[in-house]
Every structure is written in structure tokens, then in C-alpha cells.
Amino acid sequence: MVGITQPKPGEHVNADGVWDLLQNKGKMTVFSLCLLLCADLLDLAVGYLTVTIEPLPPVVVGETVTLKCNFKTDGRLREIVWYRVTDGGTIKQKIFTYDAMFNTNYSHMEDYRRREDLVYQSTVRLPEVRISDNGPYECHVGIYDRATREKVVLASGNVFLTVMSPPNNISVVAENTPAPFSRYQAQNLTLVCTAKGGKPAPSVYFKRDGELIEVISYTLPSANDQGSSSAGVRGARPLISRDLDDTKLQRSLSLLDPEGRSPRLYTESPQRVHTHGQQAYEPSPATEVIPETVVSREFPRWVHSTDPLYYFSHTHIPQSDGSVVVQARLTWTLNPQLDNDALFSCEVKHPALSMPMQTEVTLAAPKGPKLFMSPSRAKVGDTVRITVQGFQNEVFPEPLFTWTRVGGRLLDGSTQREGRELILERVPAELNGSMYRCTAQNPLGSTDTHTRLIVFENPSMMKNTQNLNNEAPRMDMLGLTWMALVLTVTVELT
């Protein structure tokens, strides 16, 4: 710094202190004097301008945000402009302007998207913010140059608006379902919890019967690994495998029928006995529902573990709107004896939520599917549909339905058919009394339901058959008449 000495008594000092500097030029350089004079002139010509913006805390979608631009100046205000910065700072979109010369303000957004509102010159309010409003904003302030009164001096400040969005949808499904039930081979079951619409990504965790599950985290294999290994963690972690009880296995296999199924009720092919001269008996109603036969479940030693190991993984999938889809997977070796009727819940925590979101499912084996046959009185030539309408209980995971005909093949010649509906097109009279079995199974268990098909005679088809039968004797009589005439003529001529 340049030192300025006190003047001696009797010396004249000018107002701006220049004389003091000249009197003490021995203690300073000419260059320092020039710097002081230039700074003084610039201050008189330009003045000062500072812009600051208070940082904003994170806000939740739907809230109202106020952007405050604080500035200090001793100059004359020209304008205040707010910009929204996008594409990493390469694009600045003007959103609002205050013109101090005409004391007017206006929005640069389209009318249907106009949501900005000027509160006080430099303060802008954004009501009902969206995820798309997330990002940096800049406030530019301009004042007139004191020297020319034509140029504008600018200064700016910036702030980042963080918009949070809670998940708007969570769901739990079982992966790789529907799947069959296996008595003699251990199976993995994977629950997938999906949380959508969260920003930032929420935290997801599982509970069993209200208790937090202790999990072992693992990393999902890549796409190439998944193609060469089985689903879930089977490629990285083999299933628990122990030798089966040979005695139990042989005893169980001896109870199976030739088709590999356990013996079931009403497996004989129904027969209808007609005595000569008596009308065939037609039961009513048209369909006879046979009581269900639940397959007895036998479990080898591998299901006796009471302390299963739960493996956990999660993936984040960014969305175009800035939100993140989180998929969390819980995998363990299923124990039908212990896991049947177990309650599993998926909970999602997010800073925008005051309490966690939750969805839950109860594992259950299928019991007694309800079958519906249409039409109720099937006639020869009709198309019959046998449909699964529901269960006696809620079933999770989704069951696999298999249709078979007891004692024979289906109408199309196949041994079985999968799906919730069995369609028999143009049923013949030979199917009258045939029995159909619907097997519903999921990894927790299996159950069978039987229904009998009763086919009634079709009057329209009977009428056509009778007409054909009546025409045959008429043709025979006509032929005999022509033969008699030919013989008569022949005799007379001879």
C-alpha cells in the first residue's frame, strides 16, 4: 500500500488528497499514483454491482419454490433476467424478465406453460414444481454505465434447484412364474420388488412376517453370464443338494400311476349301459363336479433347514424424466413346509416420504380351483369351454394350469394342454361322460380338480339323420317298381 503522511502545520491540503500524494512523491512511485487515480475514476464512472442468490433446500414435486436474486449497486438498474440452464450449461433458456426502464415484467414461456410469477422485481415464484424443473438457474442483473449511460454493466449469480419425487408405484411379483411344483428337487424362489417414479432413487428392503430379513448382498451376473447359467443366483450359488432318502423315493415312486401321477379318485373311464328297448338315462345337471383330490406332498430331507439364507440384489434404471426405477430381488431356497402362508412385504424409504411405502404378498399353494363350463348343457357339435374362475384361497405365486383327460387323450390328440381355459371344438357324442382333470400348481404345492362332461343329443342333427334314413327306403321301392315294369315288357314282347 502507498503511505500517506500527515501534512505539516500551515500546508494546504486539497479535498481529494492529491496534494498530499504530490508532497510525498518521494515515498511512492509514479505507477502507484496512476493506479490510484484510475481506480478513483472507474469508481466514479461505473459504481459497484454484486449479485448473490440464497441456496435452496430440496423440494418435493408439487410444492411452490421462490427464487430470490439479491443484488447491491449504487448505479441505475436496467433489467433483471432469469435463465434456466440446460444441457450441462450449453443452453440458457430465458424464463422471466423485469424491465426497470418501463417497470414491466413478462414471461418468455408459452402461454400454456406459463407458471412463473414475479413477486418483487428480482424474485420469481414457481408454483407446483415438476421433476423437469430440476436443474441450475441464473439471475442476470444489468445497470447503466455511469460514463456513457448507453452501455449496460452485467453481473450474475446461480442456484441449483433440486426437485425430489417420491415413488408413485411399488409392486411385488415372483420371478420366472408360473412354474411347476417339484417334490424331490430343491427350487429357488425370487421375489422382485419394483419401485417406480422415485427421485432420487429410494431404498428398498424386505420383511418376513413383519421382521426385517437379514440378507446377503450379491451382484447380478451380466447378460452373457445369464445366458450360460440359470436364472437368479443359481449361476453364482448352487442350490442346497443332499442325497435323497432312497427308501422314501422308491416308496413314493411305487404309488405313481403309469403316467407318473399319484393315484386319483374317479380315474376309470365312465361307461353308460343301455338295455334294449329302454331310453338312455341322462343325468342332470349337465356337468357333474367331482370333489377335488389334493395331491399328498412328500418332502425329502433338503427342506428341513429352518434357517434359510436370503440373497439380495438391486438395480437402478434411470428414466428420461429424471426418476429412477429400482428393482430389488430376494432369493432363497424354498421350503414349502415352512414358507406356505408366510407373509413377505417390500418397504420403500424415500426422503420425500414421511413414512415408508409398503406392499405385501402371502405365499400360498393353490387349493381347489373353481371350474366353469360353457355352455351348461352341451350338445353334440357344440364348442365347449372349461375355464378356471378362481380358487378357494388367494394363490401366490401365479399357478401353472395343466389340463388332461382321464383315461385318454384330448380332443385334438394331445396328452395335455396348459392355460386357464380348455377349449373342445365340435364335441362328438363319444365324449359323453368323459372326465377332465385340471392341475393347478406353483412352487409351494399342487392340487387337482375334476369335472365330467355330459353331452346331450342335438335335435337339429337328429332330424337331418332321420331324413337321410327315410330317403333310403323310398329309393329301394322306386328301384323295385322299375324292375317290375322292365320284366313285364320283356314277357309281353317274347
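What counts and how
Residues numbered from 1 in each chain as written. Predicted model: local features only at pLDDT ≥ 70, side-chain atom pairs only at ≥ 80, totals over all residues. Heavy atoms only, no water. Helix = DSSP H or I, 4+ residues; strand = E, 2+ residues; numbered from the N terminus. Buried < 20%, exposed > 50% of the residue type's maximum accessible area, 1.4 Å probe, protein only. Contact = heavy atoms within 4.5 Å. Areas by Shrake-Rupley, 256 points an atom, 1.4 Å probe, with all protein chains shown as cover. Pairing = 2+ DSSP bridges. Axes fitted to C-alpha atoms, helices over the stretch in contact; angles between N-to-C directions. Disulfide = S-S within 2.5 Å. Salt bridge = Lys/Arg side-chain N within 4 Å of Asp/Glu carboxyl O. Core = buried A, V, L, I, M, F, W, Y, C linked by side-chain atoms within 4.5 Å.

### Topic: the overall build of the protein
- What the protein contains, in helices and strands, is six helices and 30 strands.
- Counting across all 494 residues of the protein, residues that qualify as buried make up 37%.
- Put simply, 65% of the contacts in the protein that link residues at least 6 apart link residues at least 24 apart.
- Total accessible area on the protein is roughly 30,000 Å²; 53% of this is exposed by carbon and sulfur atoms.

### Notes on the sheet that holds strand E19 (residues 324-333)
- The sheet built from five strands is open, its strands ordered E12-E13-E19-E18-E16 with mixed pairing. Only two strands of the sheet have a single neighbouring strand rather than two, namely strand E12 (169-174) and strand E16 (215-217). Across the sheet, the mean angle separating the axes of adjacent strands is 25° when strand polarity is ignored.
- Where strand E13 (residues 188-198) and E19 come together, nine bridges link them in antiparallel fashion.

### Observations concerning the state of the cysteines
- The final tally for this structure, using the stated rule, is two disulfides.
- Across the disulfide from Cys69 sits Cys139; the S-S distance is 2.0 Å. Sign of the S-S torsion, about -90° for the bond between Cys69 and Cys139, identifies this disulfide as left-handed. Pair noted here: Cys69 is in strand E3 (residues 65-73) and Cys139 is in strand E9 (residues 135-144), with a separation of 70 residues, a long-range link.

### As for the sheet that holds strand E5 (residues 91-99)
- Spatially, E6-E5-E4-E9-E10 is the arrangement adopted by the five strands of the open sheet, whose pairing is antiparallel. Each end of this open sheet is capped by a strand with a single partner; those strands are strand E6 (104-107) and strand E10 (152-161). Taken over all neighbouring pairs, the strand axes of this sheet differ in orientation by 25° on average, direction set aside.
- Pairing analysis gives eight bridges linking strand E4 (residues 77-86) to E5, with the strands arranged antiparallel. Residue pairing in the sheet places Arg84 in a bridge with Gln93 of E5.

### Some thoughts on the pattern of salt bridges
- Inspection of every chain in the model, using the stated rule, returns nine salt bridges.
- Here Lys92 makes a salt bridge to Glu138, at a shortest N to O gap of 3.0 Å. Here Glu138 lies in strand E9 and Lys92 lies in strand E5, a separation of 46 residues in the sequence.
- Note that Lys379 is salt-bridged to Asp382, the shortest N-O span being 3.9 Å.

### Things to note about the nonpolar core
- Formed by 27 residues in total, the largest nonpolar core has its most connected members in Leu191, Phe206, Trp332 and Phe344.
- Among the secondary structure elements, those contributing two or more residues to this core are E12, E13, strand E14 (203-208), strand E18 (310-318), E19 and strand E20 (343-349).
- Here this core gets five residues from one element, more than from any other, and that element is E19.
- Here Phe206 is in contact with Leu191, Cys193, Leu212, Ile213, Phe312, Ala328, Arg329, Leu330, Ser345 and Cys346, once residues within four sequence places are set aside.
- Of all hydrophobic cores here, the second largest spans 24 residues; its members include Trp82, Tyr98, Cys139 and Leu161.

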